[in-house]
Amino acid sequence: MTTTDTKAETDTEAPGGLDDIDAELAMAVVASPWARVVARARRGGWFSVLSVVLGLVFAILVIYPLVRVLIQAFFGDGTFDFSIASEVLNYPGLGQMLLNTVILVASSMVLALFFGALFAWLMERTDARIGRLAALMPMLPMLMPAIAGAIGWVFLLAPQAGFINAIIRAVLDFFGVHLTSGPLDIYSWTGLIALYTAYQIPFAFLMITTGLRNSDASMEEASRISGASLRHTLMRITIPVLRPSLGAAALYMVWFGFSFYSVPVVLGTQMNVKVLPVEIVRLLTFTYPSNTKVAVGLSIFLIIAIGTAWYFQGRILRSNRHSSIGGKGQRNSITRLGKWRRPAQALLVLYFALTFVFPLIAQILVALNGYWTTAIKWSALDITRLWSGITANSQASSAFGTSTLLALIGATIGMTVAAIFALYLREHRSRISRVLDGVIKLPAALSAIVIGLGFVLAFAGPPFNLGNTLVILLLCYLVLFLPQATIAADAAAAQVDRQLSEASWVSGAGNARTFARINIPLMIPGLVAGWGLLFVWMTGELNASVMLAGTQTPVVGYYILQTFQFGGFATLASLALGLTVLNIVVLSIAHFIEKRTTARGI
Amino acid sequence: MSTAVSERTLRQATPDKTPSATPALVIENVRKEFVRRDGTKVPAVDNISLRIEQGEFVVLLGPSGCGKTTLLRCVAGLEDPDSGTITINGEQHYSSGNRVNTSPDKRKLGMIFQSYALWPHMKVSANVAYPLKVRGVPKSQIRDRVMNVLELAGIKELAEQYPGQLSGGQQQRVALARALVSNNGLVLFDEPLSNVDAKVREQLRFEILKMQSEIGFAAVYVTHDQDEAMELADRIAVLNSGKISQLDRPEAIYDRPADRYVAKFVGATNEINGVVESLGADGAVVIKTEAGQIDALLGEEGITVGDTVCVIGRPERFELREASAAGAKNEWPVEVRTTMFMGDHRGAVLRAKGWGEMRVHFPSSTDVEPGGSLAVALPAKFARVYKPSSR
Ligand SMILES: Nc1ncnc2c1ncn2[C@@H]1O[C@H](COP(=O)(O)OP(=O)(O)OP(=O)(O)O)[C@@H](O)[C@H]1O
Ligand SMILES: [Mg+2]
């Protein structure tokens, strides 16, 4: 609605016509925007005060660590000096490391764009569409976190003990070719790039699907009718139209790729291929004494890469403002693929199998067997081992429990705060509340590595001494995922007509009661969906967890990494499996509740 | 039309609205300015003062964008005025001078929104019970009061339904019941009937008046439909870009509009421009126009000899007669263009020298042939003179 939009603007500006109010009031109400905010908040009762305070607290939680990172980077030892710069620039292997990172990000980006666009086109515009899979595709990285997937693929394709390698060797054996290892190797550049690509594809798929839905299919129809071939139509019409979404997806992948941690830490360490995020974490966490200075210095590269990506992202969006064409996005032009339909569908299913089913089977096999071997004793498989890797290992079970607890608390607090703030923002669009909103959403534009680093610098040591506590983890998770939470809550709030809360207000209910009795019930479907995502992100969080978790506060991501380094594969498989199952269960429940509450006619 | 009659009787039955004790609502010099995105300032409410007695029904009438909703929202506390005072039932709720500005939940009034704003997750009964519940009315009373008001609104049998299962008219009744249930003495209506079709609208207007006579609340009712305003109002306030152009009983608004804007906004008009030739006693004037001299009555102050003015006559005030050879005063020979049968009256489009095309209403029992030669006359007391543009 444009009216709410214009309203946004009006409340910000000091109202005119002040000359006829007494000057004192004008001073108090308008001169300082703070006084205005406070006056407003007081009128709205304690609930508004609470909203503003929450906004402020989280804004500080975002800003303070970032400031600490910058201070550390430029004034390392109290004075402004370039010693950090020289130390970082002379860091052994810096060039190689940056090159590795760029190669991985760039190559996987190109591949992921290709496959993402192909899949999106197949699903949106052709008869190869598989409905269920189309809905599932963007969710894949959430169903099975990358760390679990990467370990699954190690189980499958490790040169000696990888299951797929063993099967290939057995087949070759039959034909008289004898190999003792390989032939495939996940610990290779091909393996690295393949896994990077696999985890980038869902983003490309999602954005290009959206692009396709927003562009008018009739242009393609027109091209086909005028006699152009399928390939010609694709090259001349479809791809140019999609350029904005392709661009947005590419830059999003830069953001994602530069802070992608799980796959390179699992594979790269073994291969001795260093990449930026892994090295930053290693210097801070797995080096003794930790080399904070260089870690911070390196993180500046991360910030620069991501900043550049956002800059271009903004430019692409601006320059293409008018190019999203058409409107309704009905699925009206279904290209018939003929004899290509089955192969295309097979390709879609194959992707799903490779990223989800195969690693899952590998995890199940290793867990069932109790240890990782290609010589599986099928008769001795024990179903209880599926979870005994977690239950019989006190550290594993406490890691699992801690993560679940943290995610339960974190997702609940996060969604509640986001809902409160989203509603406050809707009612009171002052300049300050908008700044707060921007600050709270800032972490989405930064790397979790940088945020985690900032939290270590800001809160681990004195005066807060939160290192090795659950509190620092919880706060960091909240800061990391509040942007997504507020986006979900904003969307949920937008579904609820403002007049519904105004009617409650006029009926005599205060802000808090209106929130509890009217807004929350009406926002529930959106909030539950957001809660599910938050939960999954928090249990699977790795980047910041690795830096912030310790032996007293083990979380799953951190413990999986440790176990991987020391080789407790059955536990590892159990943990990866447990995480996957937990995510699927939570997301299904959230989806179910969302469906049910929506169906109630809200 | 039968409803109109019974409404009038009903209105007489309502308690007397003499400016007694505490008025239901006093608005003094309220001002609210919006700043558009491009920086232009919109004085949506421009120094409005208004006093509404207990049990009085006041309609805010004006074209789209004249500030009706804004004024209503200022009263409800949903919008912060820039200055002025707002006093509800003797209690000051907003005052820029005293720095009072209470929140809507403290203002104790009922409000009906254009979009109904029923809470979809609550049954009808829960929707209506809500204002009682949040104000801490004992549970034992709530059910009775809810049932009473639902019965009054004629939707008792819908108590267990969800709003999503109701028709537009039924939803509006629920909104009505919810606004009336706590009986605060003041109810605000923001174009409550603009979303329902004509037949239901007429029925609901009637029922609003019926409920008002039974419960006895004061109402501020926003609309841009003049028929609605005429039927409902004890007094009408005609708004023009944030200011009240005229505040008076419906008859007065219609018969003696304060300026050309009001005359043209309320009811149909025929207009002719001219120059004031002479001023007489009691506002009688003679205007020189292309249609000859017109005897008329001053509609507003500040008009003197020599001013350019316009003469306004309502279609039904013109009298249709056989053209008299002599050509009497305020009488013009006309050529009939078309006639339309409108049920209770006939409308004709006529052509007269100086007037151009004019619309005239006459009883549907008489008829005229297109092309016939007739005359129309406008009695001087119905020919009112205004400045060409009031503002
Ligand atoms: N939040 C706002 N921000 C900026 N301008 C506004 C805002 N709300 C209202 N206005 C402006 O104030 C003026 C009065 O608006 P208001 O909604 O009170 O009109 P209205 O008389 O209720 O009109 P309608 O009959 O169309 O409902 C309009 O010019 C409108 O554009
Ligand atoms: Mg309005």
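Given the structure is predicted, the values throughout are model-derived calculations rather than measurements. (Residues numbered from 1 in each chain as written. Chains lettered and ligands numbered in written order. Predicted model: local features only at pLDDT ≥ 70, side-chain atom pairs only at ≥ 80, totals over all residues. Heavy atoms only, no water.)

Colleague: Give me the packing of aromatic side chains: which residues, what numbers.
Modeller: A full pass over the atoms with the stated rule returns 26 aromatic pairs over all chains. When the ring of Phe57(B) is compared with that of Phe189(B), the centres are 6.2 Å apart and the planes differ by 20°; the resulting orientation is stacked. Linking Phe57(B) in strand E3 (residues 57–61) with Phe189(B) in strand E8 (residues 186–190), this pair joins segments that are 132 residues apart in sequence. Judged by centre distance (5.3 Å) and plane angle (75°), the ring pair of Trp332(B) and Trp355(B) falls under edge-to-face. Note that Trp332(B) is positioned in strand E17 (residues 331–341) and Trp355(B) in the loop between strand E18 (345–352) and strand E19 (356–363), a separation of 23 residues in sequence. The residues Trp332(B) and Trp355(B) share a single accessibility class, namely buried. Through successive ring pairs, a cluster of aromatic residues spans Tyr196(A), Tyr199(A), Phe203(A), Tyr252(A), Trp255(A), Phe256(A) and Phe260(A). Sitting above the plane of the Tyr254(B) ring, Arg314(B) keeps its charged end 4.2 Å from the centroid. Positioned over the ring face of Phe382(B) is Arg317(B), at 4.5 Å from the centre of the ring. (Phe/Tyr/Trp six-rings, centres within 6.5 Å; stacked < 30°, edge-to-face > 60°. Helix = DSSP H or I, 4+ residues; strand = E, 2+ residues; numbered from the N terminus. Buried < 20%, exposed > 50% of the residue type's maximum accessible area, 1.4 Å probe, protein only. Lys NZ or Arg CZ within 6 Å of the ring centre and 35° of its normal.)

Colleague: Outline the site of ligand 1, supporting the account with residue identities and numerical values.
Modeller: By nearness alone, 17 residues border ligand 1, and Ser64(B), Gly65(B), Lys68(B), Thr69(B) and Thr70(B) come closest of all. Flanking ligand 1 are residues from chains A and B. Measuring from an oxygen atom of ligand 1, one finds a backbone N or O atom of Gly67(B) at 3.0 Å. When the free accessible area of ligand 1 is taken as 630 Å², the share hidden by the protein chains comes to 78%. Secondary-structure elements contributing two or more residues to the shell around ligand 1 are helix H1 (2–12) of chain A together with strand E2 (41–52) and helix H2 (68–76) of chain B. Among the residues making up the shell around ligand 1, the classes are represented as five nonpolar, eight polar and four charged. (Near = heavy atom within 4 Å. Polar contact = N/O pair within 3.5 Å; in protein donor to acceptor, adjacent residues only side chain to side chain. Areas by Shrake-Rupley, 256 points an atom, 1.4 Å probe, with all protein chains shown as cover. Nonpolar A, V, L, I, M, F, W, Y, C, P; charged D, E, K, R; others polar.)

Colleague: Could you give an account of the confidence of the model for chain B, with specific residues and numbers?
Modeller: All names here are of chain B. This prediction gives chain B a mean pLDDT of 86; 93% of its residues lie at or above 70. Low pLDDT (under 50) marks residues 1–16, which in the prediction has 21 contacts with non-local residues, meaning those over four places away or in another chain. Our summary of model confidence lists the complex with pTM equal to 0.75 and ipTM equal to 0.79. (pLDDT = per-residue confidence, 0-100. Contact = heavy atoms within 4.5 Å.)

Colleague: Mind laying out the environment of Asn273(B), listing which residues take part and the relevant values?
Modeller: All names here are of chain B. Turning to its location among the elements, asparagine 273 is positioned in strand E12 (residues 270–279). Separated by 81 residues in sequence, asparagine 273 and glycine 354 have C-alpha atoms that sit 8.9 Å apart. Ignoring anything within four residues of it in the chain, the contact list for asparagine 273 reads Thr289, Val309 and Cys310.

Colleague: I'd like a rundown of empty space enclosed by the protein, residues and numbers included.
Modeller: All names here are of chain A. According to the stated counting rule, one finds seven cavities of 30 Å³ or more in the structure shown. Phe47, Leu423, Glu427, Asn511 and Asn519 are the residues nearest the centre of the second largest cavity, which is lined by 15 residues in total. Among the elements of the structure, helix H4 (46–74), helix H19 (394–427), helix H23 (498–506) and helix H24 (511–540) are those that each provide at least two residues to the lining of the second largest cavity. For the lining of the second largest cavity, the residue count by class is six nonpolar, seven polar and two charged. (1 Å grid on protein atoms, 1.4 Å probe; cavity = no way out; pocket = protein on both sides within 12 Å on 5 of 7 lines; lining within 4 Å. Points joined across faces, edges and corners; volume = space filled by probe spheres on them.)

Colleague: Can you explain the sheet that holds E17(B)? Please cite residues and give values.
Modeller: Residues and elements named next belong to chain B. In spatial order, the strands read E16-E20-E17-E18-E19; together these five strands make up an open sheet with antiparallel pairing. Both outer strands of the open sheet, strand E16 (319–322) and E19, are each paired with one neighbouring strand and no more. The average angle at which neighbouring strand axes cross in this sheet is 45°, direction not considered. Relative to strand E20 (residues 373–377), E17 runs antiparallel, the two sharing five bridges. (Pairing = 2+ DSSP bridges. Axes fitted to C-alpha atoms, helices over the stretch in contact; angles between N-to-C directions.)

Colleague: Describe the domain arrangement of chain A, listing the residues and the values that go with them.
Modeller: Residues and elements named next belong to chain A. When its domains are assigned, chain A resolves into domain 1 (1–90 + 383–602) and domain 2 (94–368). Between domain 1 and domain 2 lies a buried interface of about 3900 Å² when both sides are counted; carbon and sulfur atoms form 79% of it. The three residues of domain 1 that bury the most area against domain 2 are Val88, Ile449 and Phe564, which together make up 14% of that side's buried surface. Put simply, domain 1 and domain 2 have one residue pair in polar contact (both at pLDDT 80 or more) between them. Elements with a minimum of two residues in the side of domain 1 that touches domain 2: H4, helix H5 (83–89), helix H18 (385–391), helix H21 (448–460), H24, helix H25 (543–548), helix H26 (556–566) and helix H27 (569–599). With 12 residues, H27 is the single largest residue contributor to the side of domain 1 that touches domain 2. Looking at the side of domain 1 that touches domain 2 residue by residue, the classes come out as 33 nonpolar, eight polar and three charged. (Domains from an automatic or database assignment. Buried area = accessible area lost by both parts, 1.4 Å probe.)

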